[in-house]
Amino acid sequence: MPDLLVRSFAPFLLALQPCFTRPSFASFWALTCAWILCSGRRSLTRIIQSAQLTEFKHYCSFHRFFSQARWNLDDLGRCVFQLLLPFCGEVLVAAVDDTLARKSGRHIWGAGMHHDPLRSTQKRPIFAFGHNFVVFSLQVALPFAPNKYWAFPILVRMYRKRQTNQRAPGKGGKLERKQTGQATAKQYRTRPELALEMIQMVASWIPHRTLRVLGDSEYAGQSISRHLPANAKLISRMNMKAALYEPAAKIAKRGRRRKKGDRLPSPLQLAQNKKAKWIKTTLTLYGKQVKLWYQTIDALWYPSAGQQLLRIVVVHDPSGRRRDDCFFSLDLTLTAAQILETFSRRWPLEVCFRDVKQFLGFEDPQNRVAKATTRTAPLIFFIYDLALLWYAQSGHQLASKSILERLWYPQKTSVSFEDILRTLRHATWQERVFSDPALDAHTRKILQPFVEWAKTLT
């Protein structure tokens, strides 16, 4: 195996060895190390070139690793899941969301026009060409920062738009070439359906433990809430105009039993009721102390969850900075405050999306083959997971040596993924450069400034 990263990183790579054949594992080892050490744009050819992997294998072997080799992303997710279990409590908290990887080029397999949430506004939606990935992650607090949660992506599905008969402009134009890889009617699945598949898979791994799944309003519909396993509970955002009902009363009458009771006020009507009694409290949300008012009610949201009783929390911001909002939970053992605090743990997944794009080049690979497209970008999530696990086990002990002094940023107290990546690289350079006992003191003194300068590379 190529000795590219610090030796303490090797056990985490070896933990994933059962997922690969021997040649594929060697390629995985080399690519993971090279991906972490590479700076700048991370196309596959640049990864190979920057780490000089052609001295280890022919460059075509690394392309075939993604397009032809026998390995499965779900098997990797299962192995990472087993590594994470010691850090989890009895109840596991997970999040599901999708992210856009912007692309350019006519022959990118599976790419299409998707809503771009980062550039869109409430009045003006903007769409971008690229891949859309639905991601399932575990939200875990690590020992070096017990009050901060990290999102560990363990399962990924690529959403493919439905195939259409749209033709290029002009009389008798050919089918639009940018439709390469779009799903047929039989293959097509919505993002909530892809999310449900991943939820059911993880729930089957822990049949005797509870899995709480956090998702935004897109994942609150009947596609998920009516088909959850018995040990999975959904916490999500609710439409303010949702139709709420009382549970159906048992009445001794002939005919079919009612599925829902009387109509209740919608969350919007509850929020606008001037006679409503708000409960005033201060909660820790998104790492901050937030003052808010809330009302809670147990009711049915029949169009979404059917006859399952929900605990619904309507939230009002007394400062007027945030609009009124509504959340629900299928887990009736949680209080309103616990529902709000648990839902706020969904945010680390958004931070994860930002980190893998900014620091690991999630949008950089330009694959054109179906298998390579569905594997390359998702593999970056597992590289992200391994870097976090390494830091939790041994990297945090080396953090003081790799700190980048920013005198103009005195309020920073928590650890970011950029800090973790810098620590991993710095530890690698220190070990590779200065582990040679033949180096004299004068040479070490000359090399040290170069190693310190390299800490600034991203």
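**Points about the overall build of the protein**
The number of helices and strands found in the protein is 14 helices and 12 strands. A compact globule built from 458 residues should have a C-alpha radius of gyration of about 23 Å, and the protein, at 25 Å, falls within 12% of that. Judged by the C-alpha coordinates and their principal axes, the protein covers about 90 × 65 × 45 Å. Counting every position in the protein, which comprises 458 residues, the buried fraction comes to 51%. Look at the contacts in the protein between residues 6 or more apart in sequence, and 65% of them connect residues 24 or more apart. Summed over all atoms, the accessible surface of the protein reaches about 23,800 Å², with 51% contributed by carbon and sulfur. Charged side chains in the protein number 69 positive and 33 negative. The centres of these two groups are separated by 8 Å.

**Some points on the side chain of Thr423**
In this fold, Thr423 is placed in helix H13 (residues 417–434). Every residue in contact with Thr423, bar those within four places of it in the chain, is listed here: Trp390, Tyr391, Gly395, Leu398, Ala399 and Ser402.

**Quick notes on the environment of Ser120**
Checked against the element boundaries, Ser120 lands in the loop between strand S2 (112–115) and strand S3 (127–142). Here the side chain of Ser120 touches His115 through a polar contact of 3.2 Å, side chain to side chain. Side-chain polar atoms of Ser120 contact the backbone nitrogen of Ile126, separated by 2.8 Å.

**Brief notes about a nonpolar patch on the surface**
A surface patch of nonpolar side chains, amounting to about 450 Å² of accessible area, comprises Leu407, Trp408 and Tyr409. Accessibility expressed as a relative area gives 68% for Trp408, which makes it exposed.

**Thoughts on the layout of surface pockets**
Taken as a whole, the second largest pocket encloses approximately 910 Å³ of empty space. For the lining of the second largest pocket, the secondary structure elements donating two or more residues are strand S4 (145–159), strand S9 (279–285), helix H10 (336–343), helix H11 (347–359) and H13. Per-element tally for the lining of the second largest pocket: the top contributor is H11, with seven residues.

**What about unusual backbone geometry?**
Phi angles above zero are rare outside glycine, and Gln52 is one such case at about 55°. Assignment of secondary structure puts Gln52 in the loop between helix H3 (44–50) and helix H4 (59–67). Residue classification places Gln52 among the partly exposed residues on the basis of a relative accessible area of 48%. Unlike most non-glycine residues, Tyr286 shows phi in positive territory, near 55°. With respect to the helices, strands and loops of the structure, Tyr286 is situated in the loop between S9 and strand S10 (288–300). Relative accessible area serves as the criterion here: at 48%, Tyr286 is assigned to the partly exposed category.

**Overview of empty space enclosed by the protein**
In the structure shown here, the tally under the stated rule is two cavities of 30 Å³ or more. Quantified by volume, the largest cavity comes out at close to 60 Å³. For the largest cavity, the full set of lining residues is Lys103, Ile108, His131, Phe133, Pro365, Gln366, Asn367, Thr373 and Ala377. Breaking the lining of the largest cavity down by element, the ones donating at least two residues are S3 and helix H12 (370–393).

**What about the side chain of Ser137?**
Relative to the helices and strands, Ser137 resides in strand S3. A polar contact of 2.7 Å, which involves the side chain of Ser137, links it to the side chain of Gln139. When near neighbours in sequence (up to four residues on either side) are disregarded, Ser137 contacts Val93, Ala94, Ala95, Ala151, Phe152, Pro153, Ile154 and Leu349.

**Let's talk about the packing of H12 against H13**
Two quantities define a packed helix pair, namely the angle between the helix axes and the distance between the axes. Here H12 crosses H13 at 75°, and the two axes come no closer than 10 Å. The pairing of H12 with H13 is recorded here as roughly perpendicular in orientation. Between H12 and H13, the residues in contact are Tyr384, Ala387, Leu388, Trp390 and Tyr391 and Phe417, Ile420, Thr423, Leu424 and Ala427, respectively.

**Digging into the environment of Lys288**
Following the sequence through the fold, Lys288 ends up in strand S10. Taking the relative accessible area as the measure of exposure, Lys288 reaches 60% and is therefore exposed. With 118 residues separating them in the primary sequence, Lys288 and Arg406 have C-alpha atoms 23 Å apart.

**Things to note about the state of the cysteines**
If you walk through the whole model with that rule in mind, you get zero disulfides. In this structure Cys60 is a free cysteine whose sulfur lies 19 Å from that of Cys38, the closest cysteine sulfur available. Given the relative accessible area of 26%, Cys60 is considered partly exposed. Here Cys79 is not disulfide-linked; the sulfur of Cys19 is the nearest cysteine sulfur, at 3.4 Å. Exposure remark for Cys79: the relative accessible area of 17% places this residue in the buried category.

**Side note on the pattern of salt bridges**
Summed over the entire model, instances satisfying the criterion amount to 18 salt bridges. A salt bridge links Arg354 to Asp355; the nearest nitrogen and oxygen atoms lie 2.8 Å apart. For Arg354, a relative accessible area of 44% translates into the label partly exposed. Between Glu418 and Arg422 there is a salt bridge whose closest N-O contact spans 3.1 Å. Here Arg422 and Glu418 lie together in helix H13, a separation of four residues that amounts to about one turn.

Calculation rules
- Residues numbered from 1 in each chain as written.
- Predicted model: local features only at pLDDT ≥ 70, side-chain atom pairs only at ≥ 80, totals over all residues.
- Heavy atoms only, no water.
- Helix = DSSP H or I, 4+ residues; strand = E, 2+ residues; numbered from the N terminus.
- Rg over C-alpha atoms; globule rule 2.2 N^0.38 Å.
- Buried < 20%, exposed > 50% of the residue type's maximum accessible area, 1.4 Å probe, protein only.
- Contact = heavy atoms within 4.5 Å.
- Areas by Shrake-Rupley, 256 points an atom, 1.4 Å probe, with all protein chains shown as cover.
- Lys, Arg positive; Asp, Glu negative; His and termini not counted.
- Charge placed at Lys NZ, Arg CZ, Asp CG, Glu CD.
- Polar contact = N/O pair within 3.5 Å; in protein donor to acceptor, adjacent residues only side chain to side chain.
- Patch = residues over 30% accessible without salt bridge, like charges linked within 9 Å, V, L, I, M, F, W, Y side chains within 5 Å.
- Salt bridge = Lys/Arg side-chain N within 4 Å of Asp/Glu carboxyl O.
- 1 Å grid on protein atoms, 1.4 Å probe; cavity = no way out; pocket = protein on both sides within 12 Å on 5 of 7 lines; lining within 4 Å.
- Points joined across faces, edges and corners; volume = space filled by probe spheres on them.
- Axes fitted to C-alpha atoms, helices over the stretch in contact; angles between N-to-C directions.
- Parallel < 35°, antiparallel > 145°, perpendicular 65-115°, else oblique.
- Disulfide = S-S within 2.5 Å.

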